[in-house]
Amino acid sequence: MAVQEIGEWERISAHSHITGLGLDENGRARKIAAGMVGQEEAREAAGLVVRMIKSGKFAGNAILLAGPPGSGKTALAMAIAKELGADVPFVPIAGSEIYSAEVKKTEFLTQAMRKAIGVKIREMRRVYEGKVEEIEIQWTQHPYNPFQKIPSSCVLKLATKDEKKKLRMDADFAMRVVQQGIETGDVIQIDVDGYRIAKLGVAEGSEREYDVSTSRTVPIPEGPVMKEKEFVYTLTLHDIDMMNSRHGGDIFSLFFGGERKEIDEEVRRKVDEKVRRMVSEGIAELIPGVLFIDESSMLDIETYAFLNRAMEQDLSPIIIFATNRGITRVRGTDLKSPHGMPLDLLDRLLVITTRKYSGDEIREIIRIRAAKERMEVDDEALELLVKIGEERSLRYALQLLAPAWEMAKADRYVVKREHVERAYNLFSDVKRSVEYLQRMEKDMLYD
Ligand SMILES: Nc1ncnc2c1ncn2[C@@H]1O[C@H](COP(=O)(O)OP(=O)(O)O)[C@@H](O)[C@H]1O
Ligand SMILES: [Mg+2]
């Protein structure tokens with residue numbers, strides 16, 4: 001399910017080497033596995049969380065990943081997502097995103113939470129399936145454009161090995177037939193209730209079977225043209241909300257791509273009701289996923305109160321927070337508290353701490369990243385990067401890989417010490433850039 005949006009790619013790509021938690025059968029961390037290095041206790045704890053989530057024993061709880069910058073908190077969250085599997089929604093957001101101008105904070109969070117709940121739907125649907133033997137499309141004048149004609153209806157003759165049937169279809173379906181370029185010889189499937197036509201391939205034995213431009217040949221279906229078929233698909237609650245609010249959009253949604261920014265509470269109430277009914281009828285299954293809130297210290301008291309309430313409801317995802325703050329002020333209040341979180345929320349958190357990496361671990365992580373990006377790094381360059389990782393930060397050392405590699409391209413495609421040195425001098429880490437500006441400000445005072 002596509003839950004990733006623009007902007008998320010960058011955040012995720014730095015962790016593309018991570019394919020899981022790298023645990024053995026007994027839930028123990030292998031030193032280096034699945035792209036993960038060290039941080040054994042945190043990985044083992046995360047493994048238990050995955051097991052609890054999978055067995056449905058984690059509702060109403062949340063996780064806090066606490067540790068210094070660059071200690072693998074986001075990496076760990078990504079690994080948890082990988083372990084949960086593709087069917088389980090994983091929605092990463094950054095705390096600061098709730099302040100985006102487009103929608104209210106609570107609306108943004110509600111949408112994020114509903115993206116993190118999957119609904120697996122099993123449906124028997126009436127479909128027509130067969131090889132297209134004839135197509136006849138009727139055209140009519142476009143209502144506004146005198147130079148254009150549009151399909152008004154269409155007649156298809158579909159054949160299985162055992163039956164032939166003529167279907168008369170309305171303008172909507174006729175348009176789909178034209179848009180999808182359906183031709184005689186194609187095997188198609190028409191889902192009447194879902195208003196959907198799918199081209200399954202070119203029929204075996206038709207003249208077009210050897211047409212190089214077509215990708216796939218499929219056998220001509222057997223049995224009747226109309227049949228009941230089971231479909232299984234996973235949507236999120238947010239997908240269903242969107243599907244149900246699209247037609248209620250105002251005039252602006254016509255111009256702005258139809259994605260309404262706010263969803264009516266009434267729509268959500270109806271969707272919940274409908275989903276609950278489907279679950280009790282055995283047609284649907286709820287798959288609670290994970291909402292990962294990075295930089296949770298950016299959240300404010302209002303947001304925390306909202307989340308706390310939301311977590312008590314039965315349709316709630318699992319929430320994983322990450323922070324690098326110790327005792328700090330809760331935003332929107334004058335109170336200080338651990339990790340800047342209100343105490344009632346802290347009460348229901350399981351906390352996993354991550355620690356700083358040793359030089360050896362940093363070396364392995366840099367090696368894995370370089371290999372993943374197909375960069376060759378010689379020993380001297382690697383040792384310098386390890387030193388930078390220890391003295392500055394792991395993230396900064398990893399960031400220097402890309403510019404160093406750019407220079408290495410002109411130098412036989414091997415990153416050498418001088419490339420790293422030059423990258424280090426050209427690109428500052430945050431500590432240095434801040435020191436620099438503070439020095440500048442002082443100089444200006446004495447001007
Ligand atoms: N244990 C680990 N094994 C492999 N790569 C790691 C590990 N910890 C961190 N990384 C990588 O190091 C970089 C910084 O880690 P990150 O998860 O962003 O730290 P944090 O979120 O704690 O600030 C990322 O590219 C991440 O994938
Ligand atoms: Mg992070």
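Quantities reported herein were computed from a predicted structural model and do not represent experimental measurements.

**Thoughts on the packing of helix 12 (residues 379–391) against helix 13 (residues 394–408)**
It is the contact of helix 12 with helix 13, at a shortest axis distance of 6 Å, that shows an interaxial angle of 145°. For the pair helix 12 and helix 13, the contacting residues are L385, I388 and G389 in the first and L394, Y396, A397 and L400 in the second. Partitioned by chemical class, the residues of the contact of helix 12 with helix 13 number 6 nonpolar, 1 polar and no charged.

**Concerning the environment of E228**
Positionally, E228 belongs in strand 11 (residues 226–236). In this structure the C-alpha to C-alpha distance between E228 and L76, which are 152 residues apart in sequence, comes to 44 Å. When neighbours within four sequence positions are excluded, E228 is seen to be in contact with M124 and R126.

**With respect to the domain arrangement of the protein**
On domain assignment, one finds that the protein holds domain 1 (8–116 + 289–353), domain 2 (122–232) and domain 3 (359–433). The gap between the C-alpha centroids of domain 2 and domain 3 is 56 Å.

**Side note on the confidence of the model for the protein**
In the predicted model, the protein carries a mean pLDDT of 87, and 91% of its residues have values of at least 70. Contacts from residues 1–7, a stretch scored under 50 in pLDDT, to residues over four places away or in other chains number 9 contacts. Residue range residues 248–258 is modelled with pLDDT below 50. Its contacts to residues more than four positions away, or to other chains, number 5 contacts.

**Looking at the nonpolar core**
Ranked by internal contacts, the top residues of the largest apolar core, which has 80 residues, are A46, L65, I320 and L400. Residue assignment places this core across two domains, with domain 1 (8–116 + 289–353) and domain 3 (359–433) each supplying three or more. Contact partners of L400, with chain neighbours within four places excluded, come to L385, I388, V420, A423, Y424 and F427. Within the second largest apolar cluster, 16 residues are counted, among which are V127, L158, F173 and V177.

**Considerations on the packing of helix 13 against helix 14 (residues 417–426)**
One way to put it is that helix 13 packs onto helix 14 with a least axis distance of 8 Å and a crossing angle of 125°. Taken together, the axis directions place helix 13 and helix 14 in an arrangement best described as oblique. Helix 13 and helix 14 meet at a crossing whose hand is right-handed. The residues of helix 14 that touch helix 13, namely those facing L400, P403, A404, M407 and A408, are H419, V420, R422, A423, Y424 and L426. Residues of the contact of helix 13 with helix 14, tallied by class, amount to 9 nonpolar, 1 polar and 1 charged.

Basis of the calculations
Residues numbered from 1 in each chain as written. Chains lettered and ligands numbered in written order. Predicted model: local features only at pLDDT ≥ 70, side-chain atom pairs only at ≥ 80, totals over all residues. Axes fitted to C-alpha atoms, helices over the stretch in contact; angles between N-to-C directions. Helix = DSSP H or I, 4+ residues; strand = E, 2+ residues; numbered from the N terminus. Contact = placed C-beta atoms within 7 Å. Nonpolar A, V, L, I, M, F, W, Y, C, P; charged D, E, K, R; others polar. Domains from an automatic or database assignment. pLDDT = per-residue confidence, 0-100. Core = buried A, V, L, I, M, F, W, Y, C linked by C-beta atoms within 7 Å. Buried ≥ 20, exposed ≤ 12 C-beta atoms within 10 Å, placed from the backbone. Parallel < 35°, antiparallel > 145°, perpendicular 65-115°, else oblique. Left-handed = near helix turned anticlockwise from the far one by under 90°.

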